[in-house]
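# Working through the structure, step by step
Okay, here's what each chain looks like letter by letter:
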Amino acid sequence: MGTFSWTHLLIIALLFVLLFGAKRLPDAARGLGRSLRIFKSEVGQMQAESATNDAPATTTTPAAPAPQQQLSASATQAQTPIVEPQQGHKTL
């Protein structure tokens, strides 16, 4: 009782033909195939992105680390951009 036999599949196929009609079935199958292809490619892209993110970096590290440079307060201020509000926009 737990599995489908060939007669069950035949009955399901006949129901699809009765419900959708013989002319609409090829279009429906084509649309389903396109959707599955798109889904498969998106899943492959996601897996490739996660594999590149999980891969360890293969760069070599120098024998002695370079000394860190200390930035003064004036140098830090020179690097931050100044954004002025646009006309018509309220500022907080």
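Residues numbered from 1 in each chain as written. Predicted model: local features only at pLDDT ≥ 70, side-chain atom pairs only at ≥ 80, totals over all residues. Heavy atoms only, no water.

### Overview of the overall build of the protein chain
Rules: Numbering of helices and strands runs from the N terminus; a helix is a DSSP stretch of H or I covering at least four residues, while a strand is a stretch of E covering at least two. Here the term buried applies to any residue with accessible area under 20% of the maximum for its type, exposed to any over 50%, and partly exposed to those in between, with areas from a 1.4 Å probe on protein chains only. Only the protein chains shown count as cover for residues, and the accessible areas themselves come from Shrake-Rupley with a 1.4 Å probe.
Per the secondary structure count, the protein chain includes 3 helices and 0 strands. Along the chain direction, N to C, the helices and strands of the protein chain fall in the order α-α-α. Burial statistics for the protein chain: of 92 residues in total, 0% are counted as buried. Carbon and sulfur atoms make up 63% of the accessible area of the protein chain, which amounts to about 9,600 Å² in all.

### Section: the pattern of salt bridges
So the rule is basically this: A carboxyl oxygen of Asp or Glu within 4 Å of a side-chain nitrogen of Lys or Arg is what we treat as a salt bridge.
Throughout the structure, instances matching the rule amount to 1 salt bridge. Taking the shortest distance from any N to any O, the salt bridge between Asp27 and Arg30 comes out at 3.1 Å. Separated by 3 residues within a single helix, Asp27 and Arg30 lie in helix H2 (residues 24-54), roughly one turn from each other.

### Some points on the packing of aromatic side chains
Selection criterion: Any two rings among Phe, Tyr and Trp, with Trp reduced to its six-membered ring, count as a pair given centres within 6.5 Å; such a pair is stacked if its planes are under 30 degrees apart, edge-to-face if over 60, and tilted if neither.
Taken as a whole and assessed by the stated rule, the structure comprises 1 aromatic pair. Relative to Phe20, the ring of Phe16 has its centre 5.8 Å away and its plane inclined at 20°; by these criteria the two rings are stacked. Within this pair, Phe16 and its partner Phe20 are both found in helix H1 (residues 6-20), separated by 4 residues, close to a single helical turn.

### Structural notes on H1
What counts, and what does not: By this rule the span expected of a helix is its residue count minus one, scaled by 1.5 Å.
Here H1 contains 15 residues, and its C-alpha end-to-end distance of 21 Å stays within 8% of the 21 Å for a straight helix at 1.5 Å per residue. Taken from the residues just after H1, Gly21 is the one with a positive phi, measuring 85°.

### Here we look at the confidence of the model for the protein chain
Basically, it comes down to this: Every residue is assigned a pLDDT by the predictor, reflecting its confidence on a scale from 0 to 100.
On average, residues of the protein chain carry a pLDDT of 75, and 58% of them reach 70 or more. The spread of mean pLDDT over the elements of the protein chain runs between helix H3 (residues 73-79), the lowest at 50, and H2, the highest at 91.

### Focus on a nonpolar patch on the surface
Selection rule: Here a patch means residues that are over 30% exposed by relative accessible area and free of salt bridges, tied together within 9 Å if like-charged and within 5 Å if nonpolar (Val, Leu, Ile, Met, Phe, Trp, Tyr).
Taken together, the side chains of Phe4, Leu9, Ile11, Ile12, Leu15, Phe16, Leu18, Leu19 and Phe20 make up a nonpolar region of the molecular surface, amounting to roughly 990 Å² of accessible area. Tracing the backbone through its elements, the reader meets Leu18 in helix H1.

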